[in-house]
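# What the coordinates show
Now for the letters of each chain:
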Amino acid sequence: HGGALLLIDVANKLSFQLVLAMFAVGAERRDVIISCVALASGSFSMLLKSLYPMAQVTSLCQSKAANTKSIPRLAVEFVNHGDFTCEAQAAHSRFLQYVLGTPAGIEMPLMGLITQGRLVTYAKGAATLAPALLTYLLRTINHEGVR
């Protein structure tokens, strides 16, 4: 797992975003709402930026793409290597089967394995949610006649 410090850091950043979202919901002024939603969005993007190096480590552990320096690609390079004895080839075959069948990388509780694809999914969700939240809140205060 990612470790207690990483989990505390992520929880701290998420709680800050939650507080900003609550301020935005409770605010009665347009500039405060816009500021809170913008700060929460910026804070979330910084969270994703801090998780990106961990996604890169996971990619190094899992990637099967050509011209990458990942564990599976480097292990595949030695399949049927001429210098291996029969026992070494059999051991390498078992190792390769294990490497290809076991997801490896940085994993966090509640988030699972931190991958670049998962971070992109989170970014898409935030990019969809933030404008929708901002629009909803601004329309709400316009109906209530608040400045």
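Read on for an overview of the structure. (Residues numbered from 1 in each chain as written. Predicted model: local features only at pLDDT ≥ 70, side-chain atom pairs only at ≥ 80, totals over all residues. Heavy atoms only, no water.)

## Looking at the overall build of the protein chain
The secondary structure content of the protein chain amounts to five helices and two strands. Counting from the amino terminus, helix and strand elements in the protein chain follow one another as α-α-α-α-β-β-α. Its C-alpha atoms give the protein chain a radius of gyration of 23 Å, clearly above 15 Å, the size a compact globule of 147 residues would have. Along the three orthogonal principal directions, the C-alpha set of the protein chain runs to about 80 × 30 × 15 Å. Looking at the protein chain as a whole, 24% of its 147 residues are labelled buried. At a minimum sequence separation of 6, the contacts of the protein chain that also span at least 24 residues come to 64%. Taken as a whole, the protein chain presents about 9800 Å² of accessible surface, with 65% of it coming from carbon and sulfur. Counting 12 positive and 8 negative side-chain charges, the protein chain places the averaged centre of each group 8 Å from the other. (Helix = DSSP H or I, 4+ residues; strand = E, 2+ residues; numbered from the N terminus. Rg over C-alpha atoms; globule rule 2.2 N^0.38 Å. Buried < 20%, exposed > 50% of the residue type's maximum accessible area, 1.4 Å probe, protein only. Contact = heavy atoms within 4.5 Å. Areas by Shrake-Rupley, 256 points an atom, 1.4 Å probe, with all protein chains shown as cover. Lys, Arg positive; Asp, Glu negative; His and termini not counted. Charge placed at Lys NZ, Arg CZ, Asp CG, Glu CD.)

## Side note on the nonpolar core
In terms of nonpolar packing, the biggest core is built from 12 residues, these being Leu6, Val10, Phe44, Leu47, Leu48, Leu51, Met54, Ala55, Met108, Met111, Ile114 and Leu119. When contributions to this core are tallied by element, the ones reaching two or more residues are helix H1 (4–26) and helix H2 (30–62). When residues of this core are assigned to their parent elements, the largest contribution, six residues, is made by H2. Dropping the residues within four chain positions of it, Leu6 is found in contact with Leu51, Met54 and Met108. Counting 10 residues, the second-largest nonpolar core is a separate cluster that includes Leu20, Ala24, Ala27 and Leu138. (Core = buried A, V, L, I, M, F, W, Y, C linked by side-chain atoms within 4.5 Å.)

## Overview of H1
For H1, built from 23 residues, the straight-helix expectation of 33 Å at 1.5 Å per residue is met to within 8% by its first-to-last C-alpha distance of 32 Å. All of the buried residues in H1 are Leu6, Val10, Gln17, Leu20 and Ala24. (Expected span 1.5 Å × (residues − 1).)

## Description of the environment of Val19
Relative to the helices and strands, Val19 is located in helix H1. Remark: the alpha-carbon pair of Val19 and Phe78, spanning 59 residues in sequence, is separated by 53 Å.

## As for the pattern of salt bridges
Enumeration over the complete set of coordinates arrives at two salt bridges. In this structure, Asp9 and Lys13 form a salt bridge, with 3.4 Å as the shortest nitrogen-oxygen distance. Separated by four residues within a single helix, Asp9 and Lys13 lie in helix H1, roughly one turn from each other. The closest approach of N and O atoms between Arg29 and Asp31, which form a salt bridge, is 2.6 Å. When its relative accessible area of 41% is taken as the criterion, Asp31 is described as partly exposed. (Salt bridge = Lys/Arg side-chain N within 4 Å of Asp/Glu carboxyl O.)

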